[in-house]
Amino acid sequence: MSFASSLSENKYYLSGSDWVISALDYTMKKATSSGNMSQVVFELGCKIDRTLFENHLRGFAEELPVLCGKIARNIYNLAPYWRIPKNTKGGAGIEAHHVKNPSKAMLLLEKSANRRFKNENEHVWFNFISTDKQKTFLSMAFDHRLLDARGAEMFLNLFQQYLAAGNNPRILEGIRLSAPSGLSDWMRKFYAGRNVNRRFIALSRMAPDGLPLPFGKGMGFKFKIIAFDTDKTKLIYDNAYREAGYLMEMPYLLAVVIQGISSLFKKRGLPVSNFLIPVSIDIRACEDTKQELFFNHVSYLFFQINSDSMNNLKGTINSIKQQMYEQVKAGFPKDLAEASFLTRIAPRSVLGKLLRLPFKGKTASFIFSHVGKNSYLSSEFMQGKVENVFHMPRVPVPPGIGFFFNYFKGRLNLSISYLEGLLQDEEVAGLEADIKQRLAHVQHDE
Amino acid sequence: MTVNEIEERLIHGIASITSRDKSSIAVDTPFHELGIDSLGLVEVLVFIEKAFKLQLIETDLTKKDFETIHSLAGFISKKL
(Lines give C-alpha, C1' and ligand atoms only; values in the text may rest on other atoms or scores of the structure.)
Protein backbone atom coordinates (compact mmCIF):
# COMPACT_ATOMS: atom_id res chain seq x y z
CA MET A 1 0.00 0.00 0.00
CA SER A 2 1.44 3.34 -0.95
CA PHE A 3 1.28 6.26 1.45
CA ALA A 4 2.48 8.72 -1.13
CA SER A 5 -0.89 9.04 -2.80
CA SER A 6 -1.85 11.10 -5.78
CA LEU A 7 -4.98 13.19 -5.59
CA SER A 8 -5.79 13.53 -9.22
CA GLU A 9 -5.99 10.30 -11.15
CA ASN A 10 -2.27 9.70 -10.93
CA LYS A 11 -1.45 12.82 -12.93
CA TYR A 12 1.10 15.46 -12.08
CA TYR A 13 0.75 18.26 -14.59
CA LEU A 14 4.18 19.47 -15.64
CA SER A 15 5.12 23.10 -15.14
CA GLY A 16 6.80 25.19 -17.80
CA SER A 17 10.19 24.57 -16.17
CA ASP A 18 9.52 20.82 -16.29
CA TRP A 19 8.67 21.08 -19.98
CA VAL A 20 11.81 23.04 -20.85
CA ILE A 21 13.89 20.44 -18.97
CA SER A 22 12.06 17.78 -20.94
CA ALA A 23 12.89 19.52 -24.23
CA LEU A 24 16.53 19.69 -23.21
CA ASP A 25 16.38 15.97 -22.42
CA TYR A 26 15.12 15.33 -25.95
CA THR A 27 17.86 17.42 -27.61
CA MET A 28 20.60 15.96 -25.41
CA LYS A 29 19.54 12.41 -26.32
CA LYS A 30 19.88 13.38 -30.00
CA ALA A 31 23.26 15.07 -29.56
CA THR A 32 25.01 13.06 -26.85
CA SER A 33 25.13 9.61 -25.29
CA SER A 34 22.24 10.25 -22.91
CA GLY A 35 19.60 12.72 -21.83
CA ASN A 36 19.23 15.49 -19.26
CA MET A 37 20.38 13.63 -16.21
CA SER A 38 22.64 14.14 -13.27
CA GLN A 39 24.20 12.13 -10.49
CA VAL A 40 24.52 12.90 -6.80
CA VAL A 41 27.42 11.12 -5.12
CA PHE A 42 27.85 10.20 -1.46
CA GLU A 43 31.39 9.61 -0.28
CA LEU A 44 31.02 7.42 2.80
CA GLY A 45 33.82 6.86 5.28
CA CYS A 46 32.90 3.26 5.99
CA LYS A 47 31.84 -0.02 4.41
CA ILE A 48 28.12 -0.49 3.79
CA ASP A 49 26.29 -3.81 3.50
CA ARG A 50 25.19 -3.84 -0.15
CA THR A 51 22.49 -6.50 0.27
CA LEU A 52 20.99 -4.63 3.19
CA PHE A 53 21.03 -1.42 1.17
CA GLU A 54 19.34 -3.15 -1.77
CA ASN A 55 16.59 -4.54 0.43
CA HIS A 56 15.90 -1.17 2.06
CA LEU A 57 15.93 0.57 -1.32
CA ARG A 58 13.50 -1.93 -2.82
CA GLY A 59 10.99 -1.34 -0.01
CA PHE A 60 11.37 2.44 -0.25
CA ALA A 61 11.00 2.53 -4.03
CA GLU A 62 7.87 0.37 -3.94
CA GLU A 63 6.17 3.11 -1.96
CA LEU A 64 6.87 5.60 -4.75
CA PRO A 65 5.33 4.56 -8.08
CA VAL A 66 6.12 8.10 -9.33
CA LEU A 67 9.65 6.75 -9.92
CA CYS A 68 8.29 4.63 -12.78
CA GLY A 69 6.08 7.25 -14.39
CA LYS A 70 6.30 8.73 -17.84
CA ILE A 71 5.21 11.80 -19.74
CA ALA A 72 1.86 11.85 -21.45
CA ARG A 73 -0.55 14.48 -22.80
CA ASN A 74 -4.11 15.05 -21.73
CA ILE A 75 -6.18 14.34 -24.86
CA TYR A 76 -8.72 17.05 -24.00
CA ASN A 77 -6.56 20.01 -23.05
CA LEU A 78 -3.16 18.82 -24.39
CA ALA A 79 -1.38 19.76 -21.16
CA PRO A 80 1.56 17.43 -20.53
CA TYR A 81 1.63 15.49 -17.31
CA TRP A 82 3.60 12.79 -15.53
CA ARG A 83 1.53 9.63 -15.59
CA ILE A 84 2.03 7.80 -12.31
CA PRO A 85 1.35 4.05 -12.40
CA LYS A 86 -0.95 2.73 -9.69
CA ASN A 87 1.65 0.39 -8.26
CA THR A 88 4.96 -0.95 -9.28
CA LYS A 89 7.80 -3.28 -8.46
CA GLY A 90 11.28 -1.92 -8.76
CA GLY A 91 11.69 1.73 -9.65
CA ALA A 92 15.25 2.17 -8.45
CA GLY A 93 17.76 -0.31 -9.83
CA ILE A 94 21.25 -0.79 -8.50
CA GLU A 95 24.58 -1.83 -9.98
CA ALA A 96 27.53 -2.78 -7.83
CA HIS A 97 31.27 -2.51 -8.43
CA HIS A 98 34.40 -2.94 -6.41
CA VAL A 99 37.70 -1.09 -6.73
CA LYS A 100 40.81 -1.67 -4.66
CA ASN A 101 41.68 1.98 -4.36
CA PRO A 102 39.10 4.76 -3.81
CA SER A 103 40.97 6.93 -6.32
CA LYS A 104 39.78 4.56 -9.10
CA ALA A 105 36.12 5.17 -8.27
CA MET A 106 35.99 8.33 -10.39
CA LEU A 107 36.17 6.40 -13.66
CA LEU A 108 33.18 4.30 -12.65
CA LEU A 109 31.29 7.38 -11.49
CA GLU A 110 31.95 9.04 -14.83
CA LYS A 111 30.65 5.97 -16.64
CA SER A 112 27.49 5.85 -14.54
CA ALA A 113 26.88 9.58 -15.08
CA ASN A 114 26.67 8.86 -18.82
CA ARG A 115 24.72 5.61 -18.77
CA ARG A 116 21.40 6.02 -20.53
CA PHE A 117 18.29 4.97 -18.64
CA LYS A 118 17.10 1.54 -19.74
CA ASN A 119 13.64 2.60 -20.83
CA GLU A 120 11.02 5.33 -20.53
CA ASN A 121 10.02 4.12 -17.06
CA GLU A 122 13.45 4.19 -15.43
CA HIS A 123 14.38 7.55 -13.94
CA VAL A 124 16.55 6.75 -10.94
CA TRP A 125 19.24 4.15 -10.41
CA PHE A 126 22.08 3.59 -7.96
CA ASN A 127 25.74 2.75 -8.40
CA PHE A 128 27.29 1.08 -5.34
CA ILE A 129 31.10 1.17 -5.36
CA SER A 130 32.89 -0.60 -2.54
CA THR A 131 36.63 -0.36 -1.98
CA ASP A 132 39.33 -2.21 -0.08
CA LYS A 133 39.62 0.74 2.27
CA GLN A 134 37.04 2.08 4.74
CA LYS A 135 35.32 4.01 2.00
CA THR A 136 32.23 3.47 -0.14
CA PHE A 137 30.85 5.57 -2.96
CA LEU A 138 27.13 5.57 -3.52
CA SER A 139 25.78 7.51 -6.46
CA MET A 140 22.21 8.09 -7.51
CA ALA A 141 21.76 8.90 -11.19
CA PHE A 142 18.50 10.74 -11.71
CA ASP A 143 16.43 12.00 -14.59
CA HIS A 144 16.12 15.78 -14.44
CA ARG A 145 12.56 15.40 -15.68
CA LEU A 146 11.69 13.89 -12.30
CA LEU A 147 14.09 15.60 -9.87
CA ASP A 148 16.15 18.75 -9.76
CA ALA A 149 19.46 18.86 -7.85
CA ARG A 150 17.96 19.94 -4.57
CA GLY A 151 15.12 17.45 -4.97
CA ALA A 152 17.62 14.63 -5.45
CA GLU A 153 19.31 15.46 -2.14
CA MET A 154 15.90 15.79 -0.48
CA PHE A 155 14.94 12.36 -1.89
CA LEU A 156 18.00 10.78 -0.28
CA ASN A 157 17.31 12.69 2.92
CA LEU A 158 13.84 11.17 2.93
CA PHE A 159 15.30 7.71 2.34
CA GLN A 160 17.59 8.18 5.35
CA GLN A 161 14.58 9.28 7.44
CA TYR A 162 12.68 6.20 6.22
CA LEU A 163 15.56 3.99 7.36
CA ALA A 164 15.88 5.79 10.70
CA ALA A 165 12.13 5.28 11.25
CA GLY A 166 12.54 1.52 10.79
CA ASN A 167 11.38 1.51 7.16
CA ASN A 168 8.11 3.08 8.16
CA PRO A 169 6.25 4.17 5.03
CA ARG A 170 4.28 6.76 7.04
CA ILE A 171 7.36 8.97 6.71
CA LEU A 172 6.29 9.43 3.07
CA GLU A 173 2.93 10.94 3.95
CA GLY A 174 2.49 14.43 2.58
CA ILE A 175 4.52 14.07 -0.60
CA ARG A 176 2.72 16.10 -3.22
CA LEU A 177 2.11 14.05 -6.34
CA SER A 178 -0.48 16.14 -8.08
CA ALA A 179 -0.36 19.58 -9.59
CA PRO A 180 -3.02 21.68 -11.32
CA SER A 181 -2.93 21.87 -15.08
CA GLY A 182 -2.03 25.58 -15.07
CA LEU A 183 -4.58 26.32 -17.79
CA SER A 184 -5.78 29.61 -16.33
CA ASP A 185 -4.55 33.17 -15.69
CA TRP A 186 -3.59 33.47 -19.34
CA MET A 187 -3.21 37.24 -19.25
CA ARG A 188 -0.66 36.98 -16.46
CA LYS A 189 1.24 34.37 -18.46
CA PHE A 190 1.19 36.46 -21.61
CA TYR A 191 2.38 39.60 -19.78
CA ALA A 192 5.14 37.54 -18.21
CA GLY A 193 6.03 36.23 -21.67
CA ARG A 194 6.20 39.77 -22.99
CA ASN A 195 8.62 40.76 -20.20
CA VAL A 196 10.79 37.71 -20.78
CA ASN A 197 10.82 38.34 -24.51
CA ARG A 198 11.98 41.92 -24.00
CA ARG A 199 14.84 40.81 -21.82
CA PHE A 200 15.92 38.11 -24.28
CA ILE A 201 15.86 40.64 -27.11
CA ALA A 202 18.15 42.90 -25.06
CA LEU A 203 20.48 39.99 -24.25
CA SER A 204 20.58 38.71 -27.82
CA ARG A 205 22.03 41.86 -29.39
CA MET A 206 25.38 40.13 -29.26
CA ALA A 207 25.69 36.38 -29.79
CA PRO A 208 27.44 34.91 -26.76
CA ASP A 209 30.91 33.41 -27.10
CA GLY A 210 31.15 29.68 -26.60
CA LEU A 211 33.79 26.99 -26.97
CA PRO A 212 33.66 25.28 -30.39
CA LEU A 213 31.86 21.95 -30.11
CA PRO A 214 33.65 18.76 -31.14
CA PHE A 215 32.34 16.88 -34.18
CA GLY A 216 30.37 13.73 -33.70
CA LYS A 217 27.28 12.53 -31.90
CA GLY A 218 26.73 10.19 -29.02
CA MET A 219 29.57 11.58 -26.93
CA GLY A 220 29.56 11.41 -23.18
CA PHE A 221 30.55 13.90 -20.55
CA LYS A 222 33.72 14.06 -18.54
CA PHE A 223 34.00 15.51 -15.06
CA LYS A 224 36.60 17.21 -12.94
CA ILE A 225 35.65 17.26 -9.26
CA ILE A 226 37.46 19.76 -7.05
CA ALA A 227 36.77 19.20 -3.35
CA PHE A 228 38.04 21.95 -1.09
CA ASP A 229 38.72 21.05 2.54
CA THR A 230 37.21 23.04 5.41
CA ASP A 231 40.23 25.37 5.77
CA LYS A 232 40.31 26.20 2.05
CA THR A 233 36.52 26.64 2.05
CA LYS A 234 36.77 29.13 4.91
CA LEU A 235 39.46 31.01 3.00
CA ILE A 236 37.28 31.09 -0.12
CA TYR A 237 34.31 32.39 1.85
CA ASP A 238 36.51 35.03 3.53
CA ASN A 239 37.70 36.12 0.08
CA ALA A 240 34.10 36.22 -1.13
CA TYR A 241 33.13 38.45 1.80
CA ARG A 242 36.04 40.80 1.17
CA GLU A 243 35.62 41.00 -2.62
CA ALA A 244 31.87 40.72 -3.02
CA GLY A 245 30.26 41.43 0.34
CA TYR A 246 28.27 39.65 3.01
CA LEU A 247 26.51 36.47 1.76
CA MET A 248 27.65 37.22 -1.80
CA GLU A 249 29.35 33.90 -2.44
CA MET A 250 27.51 33.23 -5.71
CA PRO A 251 28.66 36.45 -7.46
CA TYR A 252 32.21 35.82 -6.28
CA LEU A 253 32.31 32.21 -7.47
CA LEU A 254 30.74 33.11 -10.80
CA ALA A 255 33.17 36.00 -11.33
CA VAL A 256 36.15 33.71 -10.71
CA VAL A 257 34.83 31.11 -13.16
CA ILE A 258 34.28 33.84 -15.78
CA GLN A 259 37.90 34.90 -15.40
CA GLY A 260 39.06 31.29 -15.64
CA ILE A 261 37.09 30.66 -18.85
CA SER A 262 38.20 33.98 -20.31
CA SER A 263 41.79 32.97 -19.68
CA LEU A 264 41.16 29.63 -21.42
CA PHE A 265 39.72 31.43 -24.46
CA LYS A 266 42.82 33.64 -24.67
CA LYS A 267 45.19 30.68 -24.43
CA ARG A 268 43.34 29.13 -27.38
CA GLY A 269 43.47 32.38 -29.31
CA LEU A 270 39.67 32.63 -29.39
CA PRO A 271 38.12 36.10 -29.48
CA VAL A 272 36.25 37.15 -26.36
CA SER A 273 33.49 39.72 -26.63
CA ASN A 274 30.79 38.65 -24.20
CA PHE A 275 29.71 35.72 -22.10
CA LEU A 276 26.10 34.83 -21.41
CA ILE A 277 25.57 32.64 -18.37
CA PRO A 278 22.22 31.27 -17.20
CA VAL A 279 22.27 30.53 -13.48
CA SER A 280 19.59 28.27 -12.04
CA ILE A 281 17.88 29.37 -8.86
CA ASP A 282 15.60 27.46 -6.57
CA ILE A 283 12.07 28.88 -6.38
CA ARG A 284 10.53 26.51 -3.87
CA ALA A 285 7.92 28.34 -1.85
CA CYS A 286 7.06 25.73 0.79
CA GLU A 287 8.81 25.22 4.09
CA ASP A 288 7.66 21.59 4.01
CA THR A 289 10.19 20.01 1.64
CA LYS A 290 7.94 17.03 0.87
CA GLN A 291 5.51 19.33 -0.91
CA GLU A 292 8.06 20.16 -3.60
CA LEU A 293 10.36 17.16 -3.63
CA PHE A 294 9.73 15.81 -7.10
CA PHE A 295 9.96 17.63 -10.44
CA ASN A 296 11.58 20.98 -11.14
CA HIS A 297 11.22 24.05 -8.99
CA VAL A 298 13.78 26.29 -10.62
CA SER A 299 13.99 29.45 -12.61
CA TYR A 300 16.98 31.32 -14.01
CA LEU A 301 18.92 34.55 -13.87
CA PHE A 302 20.85 35.49 -17.00
CA PHE A 303 24.16 37.26 -16.68
CA GLN A 304 25.89 38.98 -19.58
CA ILE A 305 29.50 40.01 -19.04
CA ASN A 306 31.44 42.00 -21.65
CA SER A 307 35.12 41.54 -22.34
CA ASP A 308 35.91 44.99 -20.89
CA SER A 309 35.13 43.88 -17.36
CA MET A 310 36.33 40.27 -17.51
CA ASN A 311 39.90 40.88 -16.35
CA ASN A 312 38.85 43.00 -13.42
CA LEU A 313 37.43 40.81 -10.65
CA LYS A 314 35.80 43.68 -8.78
CA GLY A 315 34.24 45.00 -11.97
CA THR A 316 32.87 41.57 -12.87
CA ILE A 317 31.45 41.06 -9.38
CA ASN A 318 29.79 44.47 -9.39
CA SER A 319 28.28 43.79 -12.81
CA ILE A 320 26.90 40.44 -11.60
CA LYS A 321 25.44 41.99 -8.44
CA GLN A 322 23.87 44.84 -10.39
CA GLN A 323 22.32 42.46 -12.94
CA MET A 324 21.08 40.21 -10.14
CA TYR A 325 19.44 43.16 -8.37
CA GLU A 326 17.88 44.46 -11.53
CA GLN A 327 16.43 41.08 -12.58
CA VAL A 328 15.07 40.31 -9.10
CA LYS A 329 13.56 43.81 -8.85
CA ALA A 330 11.92 43.37 -12.26
CA GLY A 331 10.54 39.98 -11.18
CA PHE A 332 12.30 38.24 -14.06
CA PRO A 333 12.70 34.78 -12.45
CA LYS A 334 8.98 34.68 -11.59
CA ASP A 335 8.06 35.94 -15.07
CA LEU A 336 10.27 33.28 -16.67
CA ALA A 337 8.67 30.51 -14.62
CA GLU A 338 5.19 31.84 -15.45
CA ALA A 339 5.88 32.43 -19.15
CA SER A 340 7.38 28.98 -19.63
CA PHE A 341 3.90 27.51 -19.12
CA LEU A 342 3.20 28.85 -22.61
CA THR A 343 5.85 26.55 -24.07
CA ARG A 344 4.00 23.39 -23.06
CA ILE A 345 1.94 23.35 -26.24
CA ALA A 346 5.09 22.88 -28.31
CA PRO A 347 6.37 19.36 -28.91
CA ARG A 348 9.73 18.80 -27.25
CA SER A 349 11.51 18.52 -30.59
CA VAL A 350 10.22 21.93 -31.65
CA LEU A 351 10.84 23.56 -28.27
CA GLY A 352 14.42 22.29 -28.31
CA LYS A 353 15.00 24.23 -31.53
CA LEU A 354 13.11 27.31 -30.31
CA LEU A 355 15.31 27.55 -27.21
CA ARG A 356 18.31 28.26 -29.42
CA LEU A 357 16.62 30.95 -31.53
CA PRO A 358 17.05 34.03 -29.30
CA PHE A 359 20.83 33.70 -29.14
CA LYS A 360 21.55 32.82 -32.74
CA GLY A 361 21.95 29.09 -32.32
CA LYS A 362 23.73 29.24 -29.00
CA THR A 363 22.10 29.02 -25.62
CA ALA A 364 24.89 30.17 -23.33
CA SER A 365 28.65 30.42 -22.92
CA PHE A 366 28.55 27.99 -20.03
CA ILE A 367 26.11 26.83 -17.36
CA PHE A 368 26.58 27.70 -13.69
CA SER A 369 24.92 26.91 -10.42
CA HIS A 370 25.72 27.30 -6.76
CA VAL A 371 23.82 25.27 -4.18
CA GLY A 372 24.84 27.04 -1.02
CA LYS A 373 22.88 24.93 1.43
CA ASN A 374 22.77 21.15 1.33
CA SER A 375 19.38 19.47 1.45
CA TYR A 376 20.80 16.20 2.73
CA LEU A 377 20.65 17.11 6.40
CA SER A 378 22.03 14.07 8.16
CA SER A 379 25.75 13.43 8.67
CA GLU A 380 25.08 9.70 8.35
CA PHE A 381 23.77 7.27 5.78
CA MET A 382 22.84 3.75 6.90
CA GLN A 383 24.76 4.47 10.12
CA GLY A 384 27.90 5.30 8.16
CA LYS A 385 29.54 8.71 8.14
CA VAL A 386 28.91 10.87 5.07
CA GLU A 387 32.23 12.56 4.32
CA ASN A 388 31.12 14.46 1.27
CA VAL A 389 28.23 14.93 -1.16
CA PHE A 390 28.79 16.28 -4.67
CA HIS A 391 26.95 16.41 -8.00
CA MET A 392 27.87 15.36 -11.54
CA PRO A 393 25.34 16.95 -13.91
CA ARG A 394 25.31 16.56 -17.70
CA VAL A 395 24.94 19.83 -19.54
CA PRO A 396 22.87 20.90 -22.57
CA VAL A 397 24.81 21.10 -25.86
CA PRO A 398 25.54 23.87 -26.73
CA PRO A 399 27.32 25.05 -24.62
CA GLY A 400 28.53 21.62 -23.48
CA ILE A 401 30.28 22.87 -20.34
CA GLY A 402 29.07 23.73 -16.86
CA PHE A 403 30.40 24.68 -13.45
CA PHE A 404 28.46 23.46 -10.43
CA PHE A 405 29.29 24.42 -6.87
CA ASN A 406 27.74 22.78 -3.85
CA TYR A 407 28.38 23.06 -0.15
CA PHE A 408 28.31 20.17 2.27
CA LYS A 409 29.10 20.39 5.97
CA GLY A 410 31.73 23.10 5.74
CA ARG A 411 33.22 21.95 2.43
CA LEU A 412 32.83 23.55 -0.98
CA ASN A 413 32.85 21.31 -4.04
CA LEU A 414 33.19 22.32 -7.68
CA SER A 415 32.13 19.94 -10.41
CA ILE A 416 33.27 20.87 -13.92
CA SER A 417 31.20 18.98 -16.47
CA TYR A 418 32.26 19.09 -20.13
CA LEU A 419 31.45 17.27 -23.34
CA GLU A 420 34.11 14.77 -24.39
CA GLY A 421 36.46 16.46 -26.81
CA LEU A 422 35.47 20.01 -25.79
CA LEU A 423 38.59 20.40 -23.65
CA GLN A 424 42.00 18.75 -23.77
CA ASP A 425 43.34 17.21 -20.56
CA GLU A 426 45.99 19.93 -20.21
CA GLU A 427 43.31 22.60 -20.55
CA VAL A 428 41.24 21.01 -17.78
CA ALA A 429 44.31 20.84 -15.55
CA GLY A 430 45.08 24.48 -16.35
CA LEU A 431 41.50 25.55 -15.66
CA GLU A 432 41.50 23.67 -12.36
CA ALA A 433 44.76 25.28 -11.25
CA ASP A 434 43.62 28.73 -12.37
CA ILE A 435 40.27 28.56 -10.57
CA LYS A 436 41.83 27.11 -7.39
CA GLN A 437 44.42 29.86 -7.33
CA ARG A 438 41.88 32.64 -7.93
CA LEU A 439 39.35 31.32 -5.41
CA ALA A 440 41.62 30.57 -2.50
CA HIS A 441 44.37 33.15 -2.86
CA VAL A 442 45.77 34.44 0.38
CA GLN A 443 45.43 38.20 0.75
CA HIS A 444 48.63 39.80 1.94
CA ASP A 445 48.11 42.98 3.91
CA GLU A 446 50.24 45.82 2.64
CA MET B 1 8.94 55.39 11.41
CA THR B 2 10.26 53.80 14.61
CA VAL B 3 12.84 51.01 14.68
CA ASN B 4 10.13 48.63 15.95
CA GLU B 5 7.90 49.44 12.99
CA ILE B 6 10.82 48.89 10.61
CA GLU B 7 11.57 45.56 12.29
CA GLU B 8 7.94 44.49 11.85
CA ARG B 9 8.02 45.25 8.14
CA LEU B 10 11.38 43.51 7.71
CA ILE B 11 10.06 40.41 9.46
CA HIS B 12 7.06 40.41 7.17
CA GLY B 13 9.25 40.70 4.06
CA ILE B 14 11.82 38.13 5.18
CA ALA B 15 9.10 35.66 6.11
CA SER B 16 7.80 35.90 2.55
CA ILE B 17 11.27 35.60 1.01
CA THR B 18 12.30 32.59 3.11
CA SER B 19 8.84 30.95 3.09
CA ARG B 20 8.83 30.84 6.86
CA ASP B 21 6.24 31.70 9.44
CA LYS B 22 6.67 35.24 10.85
CA SER B 23 6.57 33.88 14.37
CA SER B 24 9.72 31.81 13.71
CA ILE B 25 11.81 34.89 12.86
CA ALA B 26 13.42 36.64 15.80
CA VAL B 27 14.85 40.15 15.52
CA ASP B 28 18.18 38.99 16.94
CA THR B 29 18.74 36.03 14.56
CA PRO B 30 21.69 36.52 12.17
CA PHE B 31 20.69 36.57 8.50
CA HIS B 32 22.84 33.62 7.51
CA GLU B 33 21.00 31.55 10.16
CA LEU B 34 17.70 32.41 8.48
CA GLY B 35 18.83 30.42 5.43
CA ILE B 36 19.42 33.52 3.34
CA ASP B 37 21.95 33.21 0.51
CA SER B 38 23.12 35.64 -2.21
CA LEU B 39 19.78 35.57 -3.99
CA GLY B 40 17.86 35.87 -0.72
CA LEU B 41 19.96 38.87 0.26
CA VAL B 42 19.24 40.58 -3.05
CA GLU B 43 15.54 39.86 -2.52
CA VAL B 44 15.78 41.50 0.90
CA LEU B 45 17.50 44.56 -0.62
CA VAL B 46 14.79 44.80 -3.31
CA PHE B 47 12.15 44.51 -0.58
CA ILE B 48 13.85 47.33 1.35
CA GLU B 49 13.88 49.53 -1.75
CA LYS B 50 10.18 48.93 -2.35
CA ALA B 51 9.14 49.21 1.32
CA PHE B 52 11.35 52.08 2.45
CA LYS B 53 12.38 53.72 -0.85
CA LEU B 54 16.04 53.13 0.00
CA GLN B 55 18.51 51.65 -2.46
CA LEU B 56 21.17 49.82 -0.46
CA ILE B 57 22.85 47.78 -3.20
CA GLU B 58 25.56 50.36 -3.83
CA THR B 59 26.22 51.17 -0.19
CA ASP B 60 28.97 49.54 1.84
CA LEU B 61 26.71 47.25 3.78
CA THR B 62 28.78 45.22 6.20
CA LYS B 63 28.21 41.99 8.02
CA LYS B 64 27.56 44.07 11.14
CA ASP B 65 24.62 45.83 9.49
CA PHE B 66 23.16 42.43 8.68
CA GLU B 67 24.07 40.93 12.03
CA THR B 68 20.40 40.81 12.90
CA ILE B 69 17.09 42.26 11.77
CA HIS B 70 17.44 44.63 14.69
CA SER B 71 20.80 45.99 13.47
CA LEU B 72 19.48 46.31 9.91
CA ALA B 73 16.43 48.16 11.18
CA GLY B 74 18.76 50.54 13.01
CA PHE B 75 20.77 51.10 9.80
CA ILE B 76 17.59 51.80 7.81
CA SER B 77 16.28 54.12 10.50
CA LYS B 78 19.45 56.26 10.24
CA LYS B 79 19.07 56.46 6.44
CA LEU B 80 15.41 57.50 6.50
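Look above for the structure.
Asker: Looking at this model, I keep getting lost on the sheet that holds strand 12 (residues 380–381) of chain A. Mind explaining?
Answerer: Across a sheet, strands are paired by hydrogen bonds formed along the backbone, either parallel or antiparallel in direction. All names here are of chain A. Sheet architecture is open: six strands sit in the order 5-6-7-2-13-12, paired in mixed fashion. The open sheet is flanked by strand 5 (93–99) and strand 12, the only strands paired with a single partner. The sheet strands contacting helix 4 (residues 149–164) are strand 2 (37–44), strand 6 (124–131), strand 7 (136–143), strand 12 and strand 13 (384–391), and the helix crosses strand 7 at an angle near 125°.

Asker: Before we go on, may I ask you to explain the pattern of salt bridges in this structure?
Answerer: Opposite charge on two side chains lets them pair, provided their charged atoms get close. Residues and elements named next belong to chain A. With the rule as written, the count across this model stands at 27 salt bridges over all chains. In this structure, the salt-bridge partner of Glu110 is Lys222, at a minimum N-O distance of 3.6 Å. In this pair, Glu110 sits in helix 3 (residues 105–114) while Lys222 sits in strand 8 (residues 221–227), placing the two residues 112 residues apart along the sequence. Residue classification places Glu110 among the buried positions, given a relative accessible area of 14%. On the accessibility criterion, Lys222 (27% relative accessible area) is partly exposed. For the salt bridge of Glu387 with Lys135, the shortest nitrogen-to-oxygen distance reads 2.5 Å. Here Glu387 is found in strand 13, whereas its partner Lys135 is found in the loop between strand 6 and strand 7, with 252 residues between them in sequence. Taking the relative accessible area as the measure of exposure, Glu387 reaches 28% and is therefore partly exposed. Each of Asp25, Lys29, Glu120, Asp143 and Arg145 takes part in one network of salt bridges that share partners.

Asker: So what exactly am I meant to see when it comes to the packing of helix 9 (residues 313–329) of chain A against helix 2 (residues 38–52) of chain B here?
Answerer: Describing two packed helices takes the angle between their axes plus the distance from one axis to the other. Two numbers describe how helix 9 of chain A lies on helix 2 of chain B: the axes approach to 9 Å, and their chain directions differ by 60°. In this view, helix 9 of chain A runs oblique relative to helix 2 of chain B, as classed from their interaxial angle. Regarding helix 9 of chain A and helix 2 of chain B, the two cross each other, and that crossing is right-handed. On the side of helix 9 of chain A, the interface is formed by Met324, Tyr325, Val328 and Lys329 of chain A, while helix 2 of chain B contributes Ser38, Leu39, Val42, Glu43, Leu45, Val46, Glu49 and Lys50 of chain B. Considered class by class, the residues forming the contact of helix 9 of chain A with helix 2 of chain B number seven nonpolar, one polar and four charged.

Asker: So what exactly am I meant to see when it comes to the interface of chain B and chain A here?
Answerer: The parts lose accessible area when they come together, and the size of an interface is often stated as this lost area. Of the residues lining the interface, 23 residues belong to chain B; the matching set on chain A comes to 20 residues. Summing the contributions of chain B and of chain A, the shared interface buries around 1900 Å²; its carbon and sulfur component is 64%. When the buried surface of chain B facing chain A is broken down by residue, Ser38, Leu39 and Ile57 of chain B rank first, second and third, together holding 28% of it. The interface formed by chain B and chain A holds one salt bridge in total. Its salt-bridge partner being Glu49 of chain B, residue Lys329 of chain A comes within 2.6 Å of it at the nearest N-O pair. Where chain B touches chain A, the interface holds eight residue pairs in polar contact (both at pLDDT 80 or more). Within the side of chain B that touches chain A, the residues separate by chemical class into nine nonpolar, six polar and eight charged.

The rules behind these values
- Residues numbered from 1 in each chain as written.
- Chains lettered and ligands numbered in written order.
- Predicted model: local features only at pLDDT ≥ 70, side-chain atom pairs only at ≥ 80, totals over all residues.
- Heavy atoms only, no water.
- Pairing = 2+ DSSP bridges.
- Helix = DSSP H or I, 4+ residues; strand = E, 2+ residues; numbered from the N terminus.
- Contact = heavy atoms within 4.5 Å.
- Axes fitted to C-alpha atoms, helices over the stretch in contact; angles between N-to-C directions.
- Salt bridge = Lys/Arg side-chain N within 4 Å of Asp/Glu carboxyl O.
- Buried < 20%, exposed > 50% of the residue type's maximum accessible area, 1.4 Å probe, protein only.
- Parallel < 35°, antiparallel > 145°, perpendicular 65-115°, else oblique.
- Left-handed = near helix turned anticlockwise from the far one by under 90°.
- Nonpolar A, V, L, I, M, F, W, Y, C, P; charged D, E, K, R; others polar.
- Buried area = accessible area lost by both parts, 1.4 Å probe.
- Polar contact = N/O pair within 3.5 Å; in protein donor to acceptor, adjacent residues only side chain to side chain.

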